[in-house]
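A look at the structure
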Amino acid sequence: MVRLLPSKERLSKGSRVSAEELAADVAVDAVASEQTAPTDAIIDDDMPESDLVFNVSDLSVYYGDFRAVRDVNMAIRPKEITALIGPSGCGKSTVLRSFNRMNDLIPTARVEGTLLYRGVDLYDERVDPVEVRRRIGMVFQKPNPFPKSIYDNVAYGPRVAGQKKGLDDVVESSLKKAALWDEVKDRLNESAIGMSGGQQQRLSIARAIAGDPEVLLMDEPCSALDPIATARIEELMAELKDEYTILIVTHNMQQAARVSDRTAFYSVEVDEKSDRRTGILVEYTNTEKLFSNPDDERTENYITGRFG
Amino acid sequence: MSQIELRGNFHEELNIVSDTIVTLAAHVTEAIPRATEALINNDLELAQEVISHDDELDLLSLQIEERCYALIALQQPMAIDMRSIVTAMKINGEYERSGDLAVNICKGVRRIYGISLSPTLRGLVTSMGEEAVRLTRVSVDAYAEGSEGLAAALPDMDDRLDDLQADFIQEIFAAHSRGELKLEETVQLALVARFYERIGDHAVNIGDRVMYMVTGESTESAGAARARAAQEGDEAE
Ligand SMILES: Nc1ncnc2c1ncn2[C@@H]1O[C@H](COP(=O)(O)OP(=O)(O)OP(=O)(O)O)[C@@H](O)[C@H]1O
Ligand SMILES: [Mg+2]
């Protein structure tokens, strides 16, 4: 059971809640069942609603009056890699950020529709966004490590969350999972700034993993890396898939084709009169299908480079 | 969205590949009637011409293949582009083989030099040659036009060639037992009939490839279907 919602009792005391208490929270079930009704998940085979990691229905994201993306329907299955591709400005990052409420940090951003995570509406007002971002970690295009030691970078999240004991173990296992341990185990106290770009990006992944998430969101994680560092990250993603559900935004179609199980192609719709550009989800299906024989002509034109 | 052709060069290259395949196929469709003519008229000179000309077909085929490799390596094509290149490579091989079969017929002409075929056999050879050309033509039309319909017509057309081949074999064995053909000649003629029949099979294969190119679905041969069913049965156990 998902434990994002505090119990009513706890809420009234104004504090966050422990997992155990939430497990039995009836409110969670109530919210979950209420919100599951209109789903039109574009997916070619059925998975019981309850097994889905995310179920997105009619999601639109606004920045002020501007609707950046509209009517997105997408179901994300556990332990799969889902790639989001599409031309610049079609809203890939916007959609990705809505999966862990990162959009909340943008004052003008507003979300419509429902985004269920394990059956719970992520945008329910009782949901704690900090807890959401711990469970649903994010890796950005630029690694940006803190100007601190490698150890401190990885331990940062757990420390902020109040963890004091067992940090060594968390750091070691996170670095191992991020395929970085062997390279850095003898210099954990050296500054992370001195690492190569590829190492820094794996450090970002280790940092995300240290928070013990279920999902990793990655926004163009390899765009600043050379082909070898890119290949290492791709290899790492394939390993991480055993444990995590991954969503990746990439401009590299070959990368999407290589690493993902499913691919979502987004495009931009231009309103002739207002010249407003809105992102839409055009096609979402098995990666092999999308790249060898897509159903939608717009997908075909994009992946074969026929239109800009 | 503005309609800009982003990979113009790539698609031009792809057009060159398909144009070259059409050229190759045109050469093959010319080689077949010439081989038939050489066979019927005992024309060794013509047979030799067809054999020599095949080198050019091989070169053309090699050029097509190399261009496809380069496009795959440099462009990593996807969707219809990927299917077009894979199809081009496959059917390139099919036409190249059909060209070789015309050569094989001409080599047969040399081995049976001097025999005179009965009017019935000449008629059957002419018909087999015509059918083989027709199948090859329809296959290249199907490819050039990306036509599912033409591709789908090929298997039925091929049945006609198969029937002609069966009639021809029956006829040469009858002629052999009447003492009109030596055993050696009978065997050579049976092989020649088989060469025509194989040209038809290649055309059918080309039709299957065109279907894949157009629809994205591979046609499964009866044998492959059996093997798949058997494998799935194993997994179920
Ligand atoms: N913070 C913001 N405030 C206002 N508008 C924004 C904001 N972020 C994005 N947008 C707009 O929303 C639309 C979608 O942007 P987004 O960054 O999600 O696209 P993208 O597909 O990730 O593009 P890219 O491939 O260039 O990263 C664009 O029109 C963009 O200008
Ligand atoms: Mg982006």
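The structure presented is a predicted model; accordingly, all values stated were derived computationally and were not measured. (Residues numbered from 1 in each chain as written. Chains lettered and ligands numbered in written order. Predicted model: local features only at pLDDT ≥ 70, side-chain atom pairs only at ≥ 80, totals over all residues. Heavy atoms only, no water.)

This part is about unusual backbone geometry. Residue and element names in this part refer to chain B. Non-glycine residue Asn42 carries a positive phi angle of around 55°. Relative to the helices and strands, Asn42 resides in the loop between α1 (8-41) and α2 (44-75). Residue classification places Asn42 among the partly exposed positions, given a relative accessible area of 24%. Located in the positive-phi region is Ala79, a residue other than glycine, with phi close to 50°. Assignment of secondary structure puts Ala79 in helix α3 (residues 79-111). (Helix = DSSP H or I, 4+ residues; strand = E, 2+ residues; numbered from the N terminus. Buried < 20%, exposed > 50% of the residue type's maximum accessible area, 1.4 Å probe, protein only.)

Within the largest apolar cluster, 68 residues are counted, with the highest numbers of intra-cluster contacts made by Tyr95, Phe168 and Tyr196 of chain B. At the level of elements, α1, α2, α3, α4 (119-145), α5 (148-177) and α6 (183-215) of chain B are the ones that each hand at least two residues to this core. Leave out the neighbours within four places in its chain, and Tyr95 of chain B touches Ile21, Leu24, Ala25, Val28, Thr136, Ser139, Val140 and Ile206 of chain B. Formed by 49 residues, the second largest nonpolar core is a distinct cluster that contains Ile85, Leu167, Leu175 and Ala229 of chain A. (Core = buried A, V, L, I, M, F, W, Y, C linked by side-chain atoms within 4.5 Å. Contact = heavy atoms within 4.5 Å.)

It is worth spelling out the environment of Ile193 of chain A at this point. All names here are of chain A. When you line up the elements, Ile193 lands in the loop between α8 (181-184) and α9 (197-210). Between the C-alpha atoms of Ile193 and Ser149, which are 44 residues apart in sequence, the distance is 8.3 Å. With near-sequence residues (within four places) excluded, Ile193 lies in contact with Pro145, Phe146, Pro147 and Gln200.

Take the packing of α1 of chain B against α4 of chain B next. Residues and elements named next belong to chain B. In contact at an axis separation of 10 Å, α1 and α4 are set at 175° when each is read in the N-to-C sense. By the angle between their axes, α1 is roughly antiparallel relative to α4. On α4, the residues touching Ser18, Ile21, Val22, Ala25, Val28, Thr29, Ile32, Pro33, Thr36, Leu39 and Ile40 of α1 are Arg122, Val125, Thr126, Gly129, Ala132, Val133, Thr136, Arg137, Val140, Tyr143 and Ala144. Looking at the contact of α1 with α4 residue by residue, the class counts come to 14 nonpolar, 6 polar and 2 charged. (Axes fitted to C-alpha atoms, helices over the stretch in contact; angles between N-to-C directions. Parallel < 35°, antiparallel > 145°, perpendicular 65-115°, else oblique. Nonpolar A, V, L, I, M, F, W, Y, C, P; charged D, E, K, R; others polar.)

Attention shifts here to the state of the cysteines. Residues and elements named next belong to chain A. According to the stated counting rule, one finds 0 disulfides over all chains in the structure shown. Free of any disulfide, Cys222 has its nearest neighbouring cysteine sulfur in Cys90, separated by 18 Å. A relative accessible area of 8% places Cys222 in the buried class. (Disulfide = S-S within 2.5 Å.)

All names here are of chain B. Looking at chain B, pLDDT values average 93 and 97% of them are 70 or higher. The spread of mean pLDDT over the elements of chain B runs between helix α7 (residues 222-236), the lowest at 81, and α4, the highest at 97. In the predicted assembly, ipTM is 0.72 and pTM is 0.80. (pLDDT = per-residue confidence, 0-100.)

Before going further, it helps to spend a moment on the side chain of Ser98 of chain B. Residue and element names in this part refer to chain B. Secondary-structure assignment places Ser98 in helix α3. The exposure class assigned to Ser98 is buried, which follows from its relative accessible area of 2%. For Ser98, the contacting residues outside a window of four places in its chain are Val28, Ile199 and His202.

Residues lying three or four places apart along an α-helix face the same way, a consequence of the helix completing one turn every 3.6 residues. A rise of 1.5 Å per residue sets the reference length of α6 of chain B, with its 33 residues, at 48 Å; its end C-alpha atoms lie 48 Å apart and thus fit the reference within 8%. Looking one or two residues past α6 of chain B, Gly216 of chain B carries a phi angle of roughly 80°, positive in sign. (Expected span 1.5 Å × (residues − 1).)

With that out of the way, let us pick up the environment of Leu59 of chain B. Residue and element names in this part refer to chain B. Along the chain, the position of Leu59 falls in helix α2. Among the residues examined, Leu59 registers a relative accessible area of 47% and is labelled partly exposed. The spacing of Leu59 and Leu24 is 35 residues in sequence and 9.8 Å in space, taken between C-alpha atoms.

So, about the site of ligand 1. All names here are of chain A. Near ligand 1, the surroundings consist of 15 residues, among which Ser88, Lys92, Ser93, Thr94 and His251 are the closest. Interatomic distance of 2.4 Å between a side-chain N/O atom of Thr94 and an oxygen atom of ligand 1. When ligand 1 is considered free in solution it has 630 Å² of accessible area, and contact with the protein chains removes 65% of it. Taken together, the elements giving at least two residues each to the shell around ligand 1 come down to β2 (66-76) and α4 (92-98). It is α4 that contributes the most residues to the shell around ligand 1, 4 residues altogether. Grouping the amino acids of the shell around ligand 1 by side-chain chemistry returns 6 nonpolar, 6 polar and 3 charged. (Near = heavy atom within 4 Å. Polar contact = N/O pair within 3.5 Å; in protein donor to acceptor, adjacent residues only side chain to side chain. Areas by Shrake-Rupley, 256 points an atom, 1.4 Å probe, with all protein chains shown as cover.)

So, about the packing of aromatic side chains. Residue and element names in this part refer to chain A. Using the criterion set out here, one finds 4 aromatic pairs over all chains in the structure. Note on Phe54 and Phe99: the rings are 4.7 Å apart at their centroids and 70° apart in plane angle, and the pair reads as edge-to-face. Taken together, the residues Phe54 in strand β1 (residues 54-63) and Phe99 in the loop between α4 and β4 (109-117) connect sequence positions 45 residues apart. On the basis of relative accessible area, Phe54 is assigned to the buried category, the value being 0%. Taking the centre distance of 5.4 Å and the plane angle of 40° together, the rings of Phe54 and Tyr117 count as tilted. (Phe/Tyr/Trp six-rings, centres within 6.5 Å; stacked < 30°, edge-to-face > 60°.)

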